[in-house]
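Chain by chain, the residues:
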Amino acid sequence: MGSRSFLSRLRNGDEIARLVTFLFAASVVLITVLLIYELWVGAALSRHKFGLVFFFTRVWDPIAEQFGALPFIYGTLVTAAVSLLLAVPLGIGAAIFLAELAPQKLSDPLQFFIDLLAAIPSVIYGLLGVFIVIPMMREWVQPALKNTLGFLPLFRGPVYGMGFLTAGIVLAIMVIPYIISVSREVLLSVPRDQREAALALGSTRWESTWKVVVPFAKTGIMGSIFLALARALGETMAVTMVIGNTPTISSSLFSPGYSIAAVIANEFTEATGDMHLSALIELGLVLFLLTFILNGLARLLMLLTTQRGSGMGHA
Amino acid sequence: MKRLAGTLLLVVAFGGMLLADNPLLINGAGATFPYPIYSKWFDEYHKANGTQINYQSVGSGAGIKQVTEGTVDFGASDGPMNDDQVKAYRAKNGIGILHFPTVLGAVVPTYNIAGVSGALNFTPEALSGIFLGRISKWNDPAIAAANKGVNLPGNDIVVIHRSDGSGTTYIWTDYLSKVNSDWKDKVGKGTSVNWPVGLGGKGNEGVTGLIKQTPNSIGYVELIYAAQNKVPYGSVKNAAGSMVKADLASVTEAAAAAAKTIPDDFRVSITNAPGKNAYPISSFTWLLIPEKFKDATKRDAMKGFLKWAITDGQGVVENLSYAKLPKEVVDKELKAISKVQ
């Protein structure tokens, strides 16, 4: 390597390819930095006025110019948590079936439908929520939950049909295809030897899947969950159509709420006051921070669990 | 193949340059509420006079911002600019900004109550009480008194409001601020407010959809939307004490009744207007035009359009369910156009 001069490497195209791909890679970092900078600068007015209190107050009053992010942070986290609680077991279960248990004849067409689901624009999911999920929740699901599990604070209060639970369910429907698609690919890429070794040791089909294949693919499956989490945190259109758009903090999942992305989309265009605009930009910054922290925590969790395990699965 | 692509590229490039060089291209941005009529006007005026006007319906707030920044030639808003915004405009541009009313709109209360099919009557006290959360049952005396003979249920009222920032909300809250001092002190008026009660729906269609789905709900939508989509709506008691169901005539009437007191800069709210047949939740929508244009051709084209819009242009507004400007206001505006220099 050292013997070839820079010029010859340039002539062969190596150096050019290296430079060009480096620039592409660097542009990602540049865009992220620029984004944070712009949000930071745009939020200056609100940052200076409210400081850290912004994170802990719950009043959002554009007329009095009092802004607090707490109800929006709460709504974003609760809906994302509900959606992952529902989507992770369902998605991973479906992926295991498609990759390990289903015959190819069934698995491939099903995968086609799942990819189709992943490509549906979110506003369509919002419509699904408005016309199907909300009436169903109001007429059936929420009254049933109230009657059976009403002793929990989670399932109390008036039933409107929309709210945290409905938003979580619609989000779950949206993120399941991501979890299935990615997890299935990862499971399929587990080497044949691993399965055969397990079977040769006398384990059943299910034991080989659950105790060998799935742990081997753990990193990739976690990756699919991160992707789902990112989408759930940032989803705007579908959430705003079903969440009720009221900045409340309530222990009840039936209560209407609001999410960060939804309030930005709703109020940005008609925000006339500078402070209002600045507060909305700061909410954007908060969402960025939230995604950053959650992703970091998830990665940490993964690191800890894989070290405890067999150490396999790292590519 | 390559040659064809090259030729196409040249054509596109030259075409673009020709368009860009058109001296009569005027750019505007702002309110979404009047967008249907504006785009019709711009189209018709372009056919008749060759002046091309581009309009982005980005929202009133963004319209005010863009005209202040000078990125567009004119703005448009559903609410007049407040004193701070006018001051900010002058500070930034060294000239004033003029408001010109173009058409009128109204906001109507719409509801869905099990077993009630006819149009309900609402007093200002009932509307403000409901939206403040103080009146929480449909059979509350404040509602029942104005609706004798209607069998109102004892169910809880579900309030539905707009979740997106909107000129419709501005008009609605402006009205509530005028008829109820508590509303004025605690909530106020604006495109987005801190609602005491209720759920938010996105856009007129979101609010209407929620109301249709939610039993015992009440909300508010634009008259145009209600008329075009056959959404039933109630009457509102006006300042003169008569119950008025909104239609184009009663909205124009509200502007006519307020015409005598309209200030010279046209920055006025006509909610709760006097006049026996005036619908109380009506409003102008405005074009925001700089006092001075650097480019004389542009200025003349802008003035030409403005004059056409408030005179000949008014002929087509009712087809699109907007209410026309009353004659008194048109006369006053025609005089004001000369202020644009």
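Keep in mind that this is a model prediction, so the values were computed, not measured.

Cut-offs applied
Residues numbered from 1 in each chain as written. Chains lettered and ligands numbered in written order. Predicted model: local features only at pLDDT ≥ 70, side-chain atom pairs only at ≥ 80, totals over all residues. Helix = DSSP H or I, 4+ residues; strand = E, 2+ residues; numbered from the N terminus. Rg over C-alpha atoms; globule rule 2.2 N^0.38 Å. Buried ≥ 20, exposed ≤ 12 C-beta atoms within 10 Å, placed from the backbone. Contact = placed C-beta atoms within 7 Å. Pairing = 2+ DSSP bridges. Axes fitted to C-alpha atoms, helices over the stretch in contact; angles between N-to-C directions. Parallel < 35°, antiparallel > 145°, perpendicular 65-115°, else oblique. Left-handed = near helix turned anticlockwise from the far one by under 90°. Core = buried A, V, L, I, M, F, W, Y, C linked by C-beta atoms within 7 Å. Nonpolar A, V, L, I, M, F, W, Y, C, P; charged D, E, K, R; others polar. pLDDT = per-residue confidence, 0-100. Expected span 1.5 Å × (residues − 1).

### Brief notes about the overall build of chain B
Tallying secondary structure elements over chain B gives 13 helices and eleven strands in all. The C-alpha radius of gyration computed for chain B amounts to 22 Å, which stays within 12% of the reference 20 Å derived for 341 residues, consistent with globular compactness. Dimensions along the principal axes, computed over C-alpha positions, put chain B at roughly 75 × 55 × 35 Å. Expressed as a percentage of the 341 residues in chain B, the buried residues total 50%. For chain B, the share of sequence-separated contacts (at least 6 apart) that also reach a separation of at least 24 residues comes to 72%.

### Brief notes about the overall build of chain A
From N to C terminus, chain A includes 13 helices and two strands. The C-alpha extent of chain A, read off along each of the three principal axes, is 70 × 60 × 35 Å. Considering chain A as a whole, with its 315 residues, one finds that 39% of them fall into the buried category. Intrachain contacts of chain A at a sequence separation of at least 6 include 77% that bridge at least 24 residues.

### So, the pairing of strand E6 (residues 158-162) of chain B
Residue and element names in this part refer to chain B. With five of five residues buried, E6 lies mostly within the body of the structure. Both E6 and strand E8 (residues 217-222) contribute to a ladder of two bridges, which runs parallel. Looking at the pairing, Val158 lines up with Ser217 of E8. For E6 and strand E7 (residues 199-201), the ladder comprises three bridges, and the chain directions are parallel. Directly across from His161, in E7, lies its bridge partner Gly200.

### Some details on the sheet that holds strand E1 (residues 25-30) of chain B
Residues and elements named next belong to chain B. The strand order E2-E1-E3-E11-E4-E8-E6-E7 describes an open sheet built from eight strands, whose pairing is mixed. One side of each edge strand has no neighbouring strand; the edge strands of this open sheet are strand E2 (52-56) and E7. When strand polarity is set aside, the average angle formed by the axes of neighbouring strands in this sheet is 25°. Strand direction decides the pairing type here: strand E4 (residues 97-112) and strand E11 (residues 282-290), joined by nine bridges, are antiparallel. Each bridged residue has a counterpart across the sheet, and for Ile97 the counterpart in E11 is Pro290.

### Looking at the sheet that holds strand E9 (residues 235-237) of chain B
All names here are of chain B. Here three strands make up an open sheet; going across it, the order is E5-E9-E10 and the pairing mixed. Across the chains shown, the open sheet's two edge strands, defined by having one partner strand only, are strand E5 (121-122) and strand E10 (243-244). Of the pairings in the sheet, the one linking E9 to E10 comprises two bridges and is antiparallel in character. Its bridge partner being in E10, Val236 is matched across the sheet by Val244.

### What to know about the interface of chain A and chain B
Every contact between the two is made by 23 residues of chain A and, on the other side, 26 residues of chain B. When residues of the side of chain A that touches chain B are traced back to their parent elements, those giving at least two are strand E1 (60-61), helix H6 (122-149), helix H11 (237-242) and helix H12 (260-267) of chain A.

### Observations regarding the packing of helix H7 (residues 164-188) of chain A against helix H10 (residues 218-234) of chain A
Residue and element names in this part refer to chain A. Look at H7 against H10: their axes get within 8 Å of each other, and the N-to-C directions meet at 155°. As the angle between them shows, H7 and H10 are arranged roughly antiparallel. As H7 runs across H10, the sense of the crossing is right-handed. Seen from H7, the contacting residues are Leu171, Met174, Val175, Tyr178, Ile179, Val182, Ser183 and Val186; seen from H10, they are Gly220, Ile221, Gly223, Ser224, Ile225, Leu227, Ala228, Arg231 and Ala232.

### Observations concerning the nonpolar core
If you look at the biggest cluster of nonpolar residues, it comprises 174 residues, and the most contacted ones within it are A:Val170, A:Val175, A:Ile179, A:Val242 and B:Leu288. When residues of this core are assigned to their parent elements, the largest contribution, 17 residues, is made by H7(A).

### Observations regarding the environment of B:Thr32
Residue and element names in this part refer to chain B. Following the sequence through the fold, Thr32 ends up in the loop between E1 and helix H2 (35-49). Among the residues examined, Thr32 registers 23 C-beta atoms within 10 Å and is labelled buried. Distance from Thr32 to Gly63, taken between C-alpha atoms, is 9.7 Å for residues 31 residues apart in sequence. Setting aside anything within four residues of it in sequence, one finds Thr32 in contact with Ser57 and Gly59.

### Section: unusual backbone geometry
Residues and elements named next belong to chain B. Notably, Asn216 is not glycine yet its phi reads approximately 65°, a positive angle. By the secondary structure assignment, Asn216 is in the loop between helix H9 (203-213) and E8. The backbone of Asn272 shows a phi angle near 55°, a positive value even though the residue is not glycine. Counting through the fold element by element, Asn272 comes out in the loop between helix H11 (248-259) and E11.

### Examining the packing of helix H8 (residues 192-200) of chain A against helix H9 (residues 205-216) of chain A
All names here are of chain A. Two elements in contact, H8 and H9, have axes whose closest approach is 9 Å; the angle formed by their N-to-C orientations is 145°. Here the hand of the crossing between H8 and H9 comes out right-handed. Across the interface between the two elements, Gln194, Arg195, Ala198 and Leu199 of H8 pack against Glu207, Ser208, Val212, Val213 and Phe216 of H9. A per-class count over the contact of H8 with H9 returns five nonpolar, two polar and two charged.

### Thoughts on the confidence of the model for chain B
In the predicted model, chain B carries a mean pLDDT of 90, and 93% of its residues have values of at least 70. On the interface metric, ipTM, the complex scores 0.81, and its pTM is 0.85.

### Some remarks on H10(A)
Along its 17 residues, H10(A) runs 25 Å from first to last C-alpha, staying within 8% of the 24 Å computed at 1.5 Å per residue. Every buried residue belonging to H10(A) is among A:Ile221, A:Met222, A:Ser224, A:Ile225, A:Ala228, A:Leu229, A:Ala232 and A:Leu233, and all of these are buried.

### What to know about the confidence of the model for chain A
Residue and element names in this part refer to chain A. When pLDDT is averaged along chain A, the result is 91, and 96% of the positions lie at 70 or above. Least confident of the elements in chain A is helix H1 (residues 6-12), whose mean pLDDT is 78; most confident is helix H4 (residues 70-101), at 96. Considering only residues more than four positions removed or in separate chains, one finds that residues 309-315, a stretch of pLDDT under 50, has nine contacts.

### Some details on the environment of A:Thr240
Here A:Thr240 is to be found in helix H11. Residues A:Thr240 and A:Ile260, spaced 20 residues apart in sequence, show a C-alpha to C-alpha distance of 9.9 Å. With sequence-adjacent residues up to four places away left out, A:Thr240 is seen in contact with A:Asn245, A:Ala262, A:Ala265, A:Asn266, B:Ser163 and B:Lys202.

### Quick word on H9(B)
For H9(B), every residue scored as buried is listed here: B:Asn204, B:Gly206, B:Val207, B:Thr208, B:Leu210 and B:Ile211. Against H11 of chain A together with E4, E6, E7, E8 and helix H10 (223-228) of chain B lie the buried residues of H9(B).

### So, the pairing of E8(B)
Walk down a regular strand and you will see the side chains alternate between the two sheet faces. All names here are of chain B. Among the six residues of E8, six are classified as buried, and the element is accordingly described as predominantly covered. Sheet topology places E4 next to E8; six bridges connect them, and they run antiparallel. Bridge pairing in E8 places Thr110 opposite Gly219.

### Thoughts on the environment of B:Thr214
Secondary-structure assignment places B:Thr214 in the loop between H9 and E8. In sequence terms B:Thr214 and B:Val231 are 17 residues apart; their C-alpha atoms lie 15 Å from each other. Dropping the residues within four chain positions of it, B:Thr214 is found in contact with A:Tyr160, B:Asn112, B:Val158 and B:Ile160.

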